[in-house]
Amino acid sequence: MVLRSGHEAVVRVAVATLWARPEAVRPVDAPALSRRTDIAGWISGMTADQRVGECVLSQLLLGERVLVEEVRPDGWVRVVAVEQPAARLDPRGYPGWLPGEQLVEAADPAPAPPDLVVAATVTRLHDAPSGAVLLPGVILGTRLASAGPPRGGWRPVRVPDHGQPLWAPDTHLAPAPSRLPSATEVLTVASRLRNVVYLWGGVSAYGIDCSGLVHLAWRRFGVRLPRDADDQAAATVPVPLGAERPGDLYFFARPGRPVHHIGIVTARPGPDGDRRMLHACYTKRRVLEEPMPADRVATLVGAHRVTEPFPG
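Below: a short report on this structure. (Residues numbered from 1 in each chain as written. Predicted model: local features only at pLDDT ≥ 70, side-chain atom pairs only at ≥ 80, totals over all residues. Heavy atoms only, no water.)

Overview of the layout of surface pockets
In this approach the atoms are scanned with a rolling probe the size of a water molecule, which exposes any empty space left behind. Taken as a whole, the second largest pocket holds about 640 Å³ of empty space. Lining the second largest pocket are 25 residues, with Tyr-198, Trp-200, Cys-210, His-260 and His-261 positioned closest to its centre. Among the elements of the structure, strand S3 (56-61), helix H3 (210-219), helix H4 (229-234) and helix H5 (294-299) are those that each provide at least two residues to the lining of the second largest pocket. A per-element tally of the lining of the second largest pocket places H5 first, with three residues. For the lining of the second largest pocket, the residue count by class is ten nonpolar, six polar and nine charged. (1 Å grid on protein atoms, 1.4 Å probe; cavity = no way out; pocket = protein on both sides within 12 Å on 5 of 7 lines; lining within 4 Å. Points joined across faces, edges and corners; volume = space filled by probe spheres on them. Helix = DSSP H or I, 4+ residues; strand = E, 2+ residues; numbered from the N terminus. Nonpolar A, V, L, I, M, F, W, Y, C, P; charged D, E, K, R; others polar.)

Rendered as structure tokens:
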């Protein structure tokens with residue numbers, strides 16, 4: 001089906017990368033641009049410096065909805081990622097560019113909402129129970145619609161642009177959440193991403209940035225937090241420094257500048273005010289849990305708590 005401006009589309013690949021502009025794409029980015037993306041291969045093929053170029057804005061997961069704004073003759077599509085709030089950039093969602101072959105026009109009428117979520121860090125979708133892999137690299141937090149009861153430890157799911165159901169290990173799926181999770185539950189999920197490499201704009205278990213880590217961990221529980229750190233600060237509730245608890249959020253900014261970094265509180269402050277956090281660290285180029293370094297202490301501007309459901 002041809003993509004049309006003004007219509008909704010959905011992501012048909014496991015992970016689609018949202019680009020600042022088509023002209024920003026580099027030769028090293030080829031594995032992220034194809035009709036069947038290889039995000040693991042793309043990230044492993046880059047140097048640490050190539051992973052922090054600002055050509056990448058964000059990433060979208062299988063089935064995620066976008067509003068198509070423009071379709072270029074060369075196949076690139078300008079979209080608004082409506083499931084990634086970005087009030088500073090566009091009140092409708094996160095704007096950017098995608099290869100058109102990674103999208104399929106949304107069904108009309110819309111199908112029933114997904115009733116499952118990927119709970120494994122990464123899974124694969126097969127053409128039959130224990131069959132051939134058709135869609136590898138499906139990420140934690142991806143929402144899927146059940147296509148029937150489990151069978152022999154496998155569950156059939158509906159996937160965009162696939163006429164027949166695909167099959168996932170049933171233990172890799174969980175029912176779509178219906179309540180706001182505890183902060184501890186979210187921290188437990190985020191902690192599973194320790195040592196994932198830092199990728200500017202990343203939102204996957206192969207590469208992730210600081211706000212992407214927070215966005216993805218809450219997304220696993222159906223909570224649609226904004227995508228960027230400054231918007232995440234605006235969407236959460238401040239708590240007094242010293243009263244933060246595990247699962248709360250630390251925000252960092254330089255004087256007179258917007259919030260530029262976020263971490264997840266992993267312990268109550270110590271008697272001397274020592275703090276610990278889990279974060280995707282730009283300088284160390286990976287996700288780690290550590291005592292708050294001196295440079296972070298100097299730019300700490302507050303602790304916040306997620307108190308609203310922001311249903312996703």
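Re helix H2 (residues 183-191)
Those residues of H2 that fall on the buried side of the exposure criterion are Val-186, Leu-187, Val-189, Ala-190 and Ser-191. Looking at the packing, one finds that the buried side of H2 touches H3, strand S17 (261-265) and strand S18 (276-281). (Buried < 20%, exposed > 50% of the residue type's maximum accessible area, 1.4 Å probe, protein only. Contact = heavy atoms within 4.5 Å.)

Overview of the environment of Thr-283
If you trace the backbone, Thr-283 turns up in the loop between S18 and strand S19 (286-291). A C-alpha to C-alpha distance of 9.0 Å links Thr-283 and Tyr-198, two positions 85 residues apart in sequence.

Notes on the pairing of S3
Taking burial as the measure, the six residues of S3 include five buried ones, the bulk of the element. Across five bridges, strand S2 (residues 15-19) lies against S3 in antiparallel orientation. Across the sheet, Val-15 pairs through a bridge with Leu-61, a residue of S3. (Pairing = 2+ DSSP bridges.)

Focus: the nonpolar core
Side chains that are nonpolar tend, in soluble globular proteins, to be buried together. Counting 62 residues, the largest nonpolar core has Trp-19, Trp-42, Leu-125, Ile-208, Leu-213, Leu-216 and Ile-264 as the members making the most contacts within it. Once residues within four sequence positions are removed from consideration, Trp-19 is found in contact with Val-25, Asp-29, Ala-32, Leu-33, Trp-42, Cys-55, Val-56, Leu-57, Trp-76, Gly-96, Trp-97 and Pro-99. (Core = buried A, V, L, I, M, F, W, Y, C linked by side-chain atoms within 4.5 Å.)

A word on the environment of Leu-134
Topologically, Leu-134 is positioned in strand S10 (residues 133-139). The sequence separation of Leu-134 and Arg-36 amounts to 98 residues, and the corresponding C-alpha distance is 9.4 Å. Leave out the neighbours within four places in its chain, and Leu-134 touches Arg-36, Leu-125, His-126, Asp-127 and Leu-166.

Here's the deal with the side chain of Thr-266
Topologically, Thr-266 is positioned in the loop between S17 and S18. In this view, Thr-266 contacts Leu-187, Pro-246, Arg-276, Met-277, Leu-278 and Glu-289; residues no more than four positions away in its chain are not counted.

Overview of the sheet that holds strand S20 (residues 300-305)
The strand order S15-S20-S16-S17-S18-S19 describes an open sheet built from six strands, whose pairing is antiparallel. Taken across any chain shown, the strands that pair with only one partner, and hence form the sheet edges, are strand S15 (237-239) and S19. Recorded for the sheet is a direction-independent mean angle of 35° between the axes of neighbouring strands. Pairing geometry for S15 and S20, over three bridges, is antiparallel. Residue Val-239 lies in a different strand from S20, and its bridge partner there is Ala-303. Strand contacts of H3: strand S16 (249-252), S17, S18 and S19, with the helix running at about 45° to S17, the strand carrying the most contacts. (Axes fitted to C-alpha atoms, helices over the stretch in contact; angles between N-to-C directions.)

Topic: the environment of Ala-120
Relative to the assigned elements, Ala-120 resides in the loop between strand S8 (116-118) and strand S9 (122-126). For Ala-120 and His-172, which are 52 residues apart along the polypeptide, the C-alpha to C-alpha distance reads 4.8 Å. Apart from the residues lying within four places of it in its own chain, the contact partners of Ala-120 are Leu-140, His-172 and Arg-192.

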